[in-house]
Amino acid sequence: MMREPHAEREASPDHAEGGHLEMTRPMREQWLWTNAAVALLGLWLISSPFTFGYTRPALLTSDVVSGVLLVVLAVAAFVPRYDFYGRWGVALVGTWLQFAPLVFWAPTPAAYITDTLVGALAITLSILVPMMPGMAHHMAMLQPGPDIPPGWTYNPSTWHQRAPMIGLAFVGWLLSRYLAAYQLGYINHVWEPFFGEGTVRVLTSKVSKMWPISDAGLGAAAYTFEMLMAWMGGKTRWRTMPWMVTFFFILVVPLGITSIVLVILQPLVVGYWCTICLLTAVVMLVMIPFTVDEVVAMGQFMAGRVRAGKPFWRTFFVGDTTEGGGPDSRTPQYGAPLASQIPAGAWGVTLPVTLAFSVLLGIWLMFAPAVLGGTAMAANNDRLVGALIVTVAVVSTAEVVRALRLLNVLFGAWIAASGWMLSGATAAGRWSGLVAGALILVLSLRRGHVGERYGAWQPWIV
């Protein structure tokens, strides 16, 4: 029997693709203005080198080419068939624009701010404001499923949960951009209230100059991506966007720890402290506890989907639904009293007295050599291990990784003994280390209060 032509069309890949395009068309129609806005940004970028008088041919060429690409890709995204490629292309151009003024050492503040702001807006208008490109992702998001992960008492992906990260990233961006302005030559002086020429010494040190670009500018770019990633996705992104949760984790946690380690090395390698550098490290450190609970929820979801026979990579990049869990009736709704909304941003993060005192003792160890007169290996040991104790204690305020505090048992024991083994310690320094180390060791044994439940992860909270 011959197949009907209509049936052949339905079975053909072209017909299937056309069906998908027709399904996504209504969702895209309300966001087509973002394509027009991106095209206007491209025209602005093309004209900027001639308006603001760029003197570097490489940066001029980069901006003109990037502007042309934004216009072409934005116009292409008006066509449903090219929407996916056009919008992701715009996002890639926006990513490049975060680094272009650093790679080419933008000669003027106008060039720096134009590239970075146009890049951020391009990313925002291409993949944040409208729904993510791709039919498969849309279908996964439309599937019914729980808001709260199975066995959990709250949703780690709500806007309340992400608000602290967005705010902290913005503060870090402002601080890093200020330091970058000095390194790029836009300002002649940099504020330093406590350590004399410490900030200037750090920003112009050999360690800083090891980077081919401004390391402070690189930090500002990292904070930009953290802000954008914190905005991306809805309240169920722990199961609908595992890839985004993973990349956000990589950006915040490993890069954050690297930033903290670099700050720790300031007095050891450069010989100076930098107040604003310390503030950026504090911002990055505080972001970590607010990040890890969503990562744990996503990890539980991925493990459950793989056990259920779902393909790993498709689930990772597209998302899925899951059994168990339930609707989110706990998170305050829009218009609720502020007194109920603020605590919702800190669900999953608690500060027991034991961890608070561990942080204070770690800070004391960082500055004890300056107060008690330690030198050489003993002084460097106190600064380094003190900073590590602070880092571990702050990260351990996240209930899902409270067991991490046990690392401070080892650090406390080492601090208690090291003053008697390393050169450069004074008598006061030895006794200070002994008392502080013993206290940290004892304080780190207690878990402290855990107010939430985390499903299958609960046994790991010890």
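Look a little higher up for the structure.
Residues numbered from 1 in each chain as written. Predicted model: local features only at pLDDT ≥ 70, side-chain atom pairs only at ≥ 80, totals over all residues. Heavy atoms only, no water.

Enquirer: Tell me what's going on with empty space enclosed by the protein, and back it up with residues and numbers.
Expert: Taking a probe equal in size to a water molecule and rolling it over the atoms shows the remaining empty space. Considering all chains together, one arrives at 2 cavities of 30 Å³ or more under this definition. Contributions of two or more residues to the lining of the largest cavity are made by helix H18 (353-372), helix H19 (376-395), helix H20 (407-418) and helix H21 (427-443). It is H19 that contributes the most residues to the lining of the largest cavity, 4 residues altogether. Around the second largest cavity, the lining residues are Gln-98, Leu-102, Tyr-112, Thr-116, Trp-173, Gly-217, Ala-220, Ala-221 and Thr-224. At the level of secondary structure, the elements contributing two or more residues to the lining of the second largest cavity comprise helix H5 (83-103), helix H6 (109-128) and helix H11 (215-231). (1 Å grid on protein atoms, 1.4 Å probe; cavity = no way out; pocket = protein on both sides within 12 Å on 5 of 7 lines; lining within 4 Å. Points joined across faces, edges and corners; volume = space filled by probe spheres on them. Helix = DSSP H or I, 4+ residues; strand = E, 2+ residues; numbered from the N terminus.)

Enquirer: Help me get a handle on the nonpolar core, residues and values and all.
Expert: Tyr-112, Trp-152 and Met-232 are the most contacted members of the largest nonpolar core, which totals 86 residues. Ranked by residue count, the leading element in this core is helix H13 (residues 242-270), at 10 residues. Those residues within four positions of Trp-152 in sequence are excluded, and the remaining contacts are Asp-293, Val-296, Ala-297, Gln-300, Val-400, Arg-453, Tyr-454 and Gly-455. Counting 13 residues, the second-largest nonpolar core is a separate cluster that includes Val-38, Leu-45, Val-90 and Val-118. (Core = buried A, V, L, I, M, F, W, Y, C linked by side-chain atoms within 4.5 Å. Buried < 20%, exposed > 50% of the residue type's maximum accessible area, 1.4 Å probe, protein only. Contact = heavy atoms within 4.5 Å.)

Enquirer: Any details on a nonpolar patch on the surface? Residues and values, ideally.
Expert: Nonpolar side chains collect at one region of the surface, where Val-207, Met-210, Trp-211, Ile-257, Val-261, Leu-262, Leu-265 and Val-269 lie side by side and expose about 680 Å² of accessible area between them. Mapped onto the elements, Met-210 comes out in the loop between helix H10 (206-209) and H11. A residue is classified by how much of its surface remains accessible, and Met-210, at 67% relative accessible area, is exposed. (Patch = residues over 30% accessible without salt bridge, like charges linked within 9 Å, V, L, I, M, F, W, Y side chains within 5 Å. Areas by Shrake-Rupley, 256 points an atom, 1.4 Å probe, with all protein chains shown as cover. Salt bridge = Lys/Arg side-chain N within 4 Å of Asp/Glu carboxyl O.)

Enquirer: Can you explain the packing of aromatic side chains? Please cite residues and give values.
Expert: Following the criterion strictly, the structure yields 25 aromatic pairs and no others. Ring centres of Trp-31 and Trp-33 lie 6.4 Å apart, and the angle between their planes is 50°; on these two criteria the pair is classed as tilted. Judged by its relative accessible area of 24%, Trp-31 falls in the partly exposed class. Ring geometry for Phe-84 against Tyr-85: centres 5.4 Å apart, planes inclined by 85°, an arrangement best described as edge-to-face. Phe-84 gets classed as partly exposed once you look at its relative accessible area, which sits at 37%. Ring pairing ties together the aromatic residues Trp-152, Tyr-154, Trp-347 and Tyr-454, which thus form one cluster. Above the face of the Phe-248 ring, Arg-237 is positioned so that its terminal group lies 5.6 Å from the ring centre. (Phe/Tyr/Trp six-rings, centres within 6.5 Å; stacked < 30°, edge-to-face > 60°. Lys NZ or Arg CZ within 6 Å of the ring centre and 35° of its normal.)

Enquirer: Describe the state of the cysteines, listing the residues and the values that go with them.
Expert: Two cysteines, two sulfur atoms, one covalent bond between them: this is a disulfide. Under the definition given, this model contains 1 disulfide. The disulfide that involves Cys-274 links it to Cys-277, with 2.4 Å between the sulfurs. The chirality of the disulfide connecting Cys-274 with Cys-277 is right-handed, given an S-S dihedral of about 70°. On the accessibility criterion, Cys-277 (8% relative accessible area) is buried. (Disulfide = S-S within 2.5 Å.)

Enquirer: Provide a residue-level description of the pattern of salt bridges, including the pertinent values.
Expert: As enumerated under the stated definition, the model contains 8 salt bridges in all. Residues Arg-305 and Asp-320 are paired through a salt bridge, measuring 3.7 Å at the closest nitrogen-oxygen approach. Note that Arg-305 is positioned in helix H15 (residues 289-307) and Asp-320 in the loop between helix H16 (312-318) and helix H17 (338-344), a separation of 15 residues in sequence. By relative accessible area, which is 5% here, Asp-320 ends up buried. What emerges from the salt-bridge pattern is a single network uniting Arg-305, Lys-310, Asp-320 and Glu-323.

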